[in-house]
Amino acid sequence: MQSTTTHLIVAGGGIAGLGTALSLARSGVRVTVLEQAAAISEVGAGLQLGPNAVRVLDGWGLLPALEAVAAEPERLRILDAGNGRELGRLALGAAMRQRYGWPNLTLRRADLQNVLLAAVRAQPGVAIELGQALSHVDPGTGEQVAAHLADGRMLRADGLVGCDGLWSRVRAHLRDDGVPRPTGHVAWRALLPVAALPAGVRPDQTSVWVAPRLHAVAYPVQRGEVFNVVIFTHTADLPQAVTVHEDAQAWDLDAQRQTLQSAVAGAHPVLRALVEAAPQWRRWLLHDRPALLDPRGYARGRVALAGDAAHPMRPHLAQGAAMSLEDAQVLGRVLQDMPAQAVPQALTHYADLRWRRNARVQWRAQFNGTVMQAGGLLRWGRDLAMAVRGEKLLDMPWLYGFQA
């Protein structure tokens, strides 16, 4: 597509930033990506991409590249982490393709980022500047927005999209709502070869173990050759020495296996064996922000937020990356062939289109986390609901069938 004279800065080179840069470039916008790290890289955590996310990526021509690095689980199973009993299941694989037209894929975050990075680099009119940390941002109420960098430089553009994550600097200049809040949970994650899986763990499915104050999620990645495991526990259940001095913004901290072993001591032997089988565990303290309940938090003047900078998702619905990609698709659409003077109106339109959807998904992710770690009557009601409603409870057409 012929590039227009419209130029946008994208702050952040993660999944949200690269997706936004690609979508904008495909819509004729000239893009400068600012990434504070010296290299665009991602640690080895996994992620799940529902059909709503894969639909976006397929629209950008990336489905073959995705399928070359991803796995496609055959089913989702919900299991009682105490006795191993199956509580519910959902057919994935071919059934998901038939229901929604696109697959449910699981892959490493690094693999998705590499696919997006290659696509961005193939686009004309995109510049990626590494090692460029933002110092502050002009609100963007005039004819251009100014991005001030930590090294003293200033860049001007017709608009700026903050894709700089949960601890976003762009958000801090767009709205004064403080720092992210701790959720009270710790996520422990590991990757292990499928050949090392203990007996009782199916390598072709996504498994979710649920228990009071704990749940675990495991699924294949990297063409099914590697297994990704994440276990969520409560911060209050851990020794204070484990968490008291930790960097809240770090999400790749070393983890002591003994602490995790204690947390799952009462779990089913299969889950305990999975903890033992992983060669190394990493952890991070979960933080989030309340959902924005109107579009004004998403855009002001020539500055907008996307991805976790706008709507950080708890990982209990596996939709963080998907919402970032949906944001990116909408940004590309509203800014397609848009003259520079109309950028503020286009960003306002983007905010109108996205805030309700993202708020609903944020709420559902938080609700899922509560239900999966429920005890007492809520736990009893959850198990009964899954037994009675089956797949209808786990399948979510409003989520997976959505077209941004």
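Residues numbered from 1 in each chain as written. Predicted model: local features only at pLDDT ≥ 70, side-chain atom pairs only at ≥ 80, totals over all residues. Heavy atoms only, no water.

With an unreviewed UniProt entry as reference, the protein chain is termed 3-hydroxybenzoate 6-hydroxylase, source organism Paracidovorax wautersii. Under the UniProt heading Cofactor (unreviewed entry), the entry covering the protein chain gives this text: "FAD". (UniProt positions renumbered as here; feature names shortened; annotations may be inferred.)

1. Quick look at the overall build of the protein chain
Secondary structure summary: the protein chain contains 14 helices and 19 strands in total. For a compact globule of 404 residues, the expected C-alpha radius of gyration is about 22 Å, and the protein chain comes in at 21 Å, within 12% of that figure. Reported as C-alpha extents along the three principal axes, the dimensions of the protein chain are approximately 60 × 50 × 40 Å. Counting across all 404 residues of the protein chain, residues that qualify as buried make up 55%. Here the contacts in the protein chain between residues at least 6 apart in sequence split such that 75% fall between residues at least 24 apart. Summed over its atoms, the accessible surface of the protein chain is roughly 16,500 Å², and 52% of this surface lies on carbon and sulfur atoms. Both charge centroids of the protein chain, one from 41 positive and one from 35 negative side chains, sit 5 Å from each other. (Helix = DSSP H or I, 4+ residues; strand = E, 2+ residues; numbered from the N terminus. Rg over C-alpha atoms; globule rule 2.2 N^0.38 Å. Buried < 20%, exposed > 50% of the residue type's maximum accessible area, 1.4 Å probe, protein only. Contact = heavy atoms within 4.5 Å. Areas by Shrake-Rupley, 256 points an atom, 1.4 Å probe, with all protein chains shown as cover. Lys, Arg positive; Asp, Glu negative; His and termini not counted. Charge placed at Lys NZ, Arg CZ, Asp CG, Glu CD.)

2. Observations regarding the nonpolar core
Membership of the largest hydrophobic core comes to 102 residues, with the highest contact counts inside it found for L49, L57, W60, L112, L116, L325 and L335. With nine residues, the top contributor of residues to this core is helix α11 (residues 343-372). Leaving out residues up to four positions away in the same chain, L325 has contacts with I15, L49, A53, V56, L57, W60 and L116. Counting residues in each nonpolar core, the second largest holds 27 residues, with A81, F227, L238 and L285 among its members. (Core = buried A, V, L, I, M, F, W, Y, C linked by side-chain atoms within 4.5 Å.)

3. Side note on the layout of surface pockets
Of the voids in this model, the second largest pocket is the one considered here, and its volume is about 180 Å³. As for the second largest pocket, its lining consists of 16 residues, and the residues nearest its centre are P212, R213, L214, A263 and V264. Looking at the lining of the second largest pocket, the elements that each hand over two or more residues are β15 (226-234) and α8 (257-263). Considered class by class, the residues forming the lining of the second largest pocket number nine nonpolar, five polar and two charged. (1 Å grid on protein atoms, 1.4 Å probe; cavity = no way out; pocket = protein on both sides within 12 Å on 5 of 7 lines; lining within 4 Å. Points joined across faces, edges and corners; volume = space filled by probe spheres on them. Nonpolar A, V, L, I, M, F, W, Y, C, P; charged D, E, K, R; others polar.)

4. Things to note about unusual backbone geometry
The phi dihedral of A318 falls on the positive side, at around 55°, and the residue is not glycine. Inspection of the secondary structure assignment puts A318 in the loop between β19 (303-305) and α10 (320-334).

5. What to know about the pairing of strand β10 (residues 154-157)
Every second residue of β10 is oriented toward a common face, the buried set being L155 and A157 and the non-buried set M154 and R156. One ladder, built from four bridges, connects strand β9 (residues 145-149) with β10; its direction is antiparallel. Across the sheet, H148 pairs through a bridge with M154, a residue of β10. In textbook terms, the turn of a hairpin is the stretch between consecutive antiparallel strands, and for β9 and β10 this stretch comprises four residues, one of which, G152, has a positive phi near 100°. (Pairing = 2+ DSSP bridges.)

6. Concerning the sheet that holds β10
Taken in spatial order, the three strands of this open sheet run β8-β9-β10, and their pairing is antiparallel. Each end of this open sheet is capped by a strand with a single partner; those strands are β8 (134-137) and β10. Taking the axes of each pair of neighbouring strands and ignoring which way they run, one obtains an average angle of 25° across the sheet. (Axes fitted to C-alpha atoms, helices over the stretch in contact; angles between N-to-C directions.)

7. Quick word on the pattern of salt bridges
Note that side chains of opposite charge can pair when their charged atoms are close. Applying the stated criterion to the full structure yields 23 salt bridges. Put simply, E72 and R97 hold a salt bridge, and the shortest N to O gap is 2.8 Å. Of this pair, E72 sits in the loop between α3 (63-67) and β4 (75-80) while R97 sits in helix α4 (residues 93-100); the two residues are 25 residues apart in sequence, bridging distant segments of the chain. You can call E72 partly exposed: its relative accessible area is 26%. For E225, the salt bridge goes to R223, with nearest N and O atoms at 3.2 Å. R223 gets classed as partly exposed once you look at its relative accessible area, which sits at 43%. Sharing partners across several salt bridges, the network here consists of R171, R175, D177 and R289. (Salt bridge = Lys/Arg side-chain N within 4 Å of Asp/Glu carboxyl O.)

8. Notes on the environment of N368
Here N368 is to be found in helix α11. Separated by 37 residues in the primary sequence, N368 and L331 place their C-alpha atoms 28 Å from one another. Excluding residues that lie within four positions of it along the chain, N368 makes contacts with H316 and L317.

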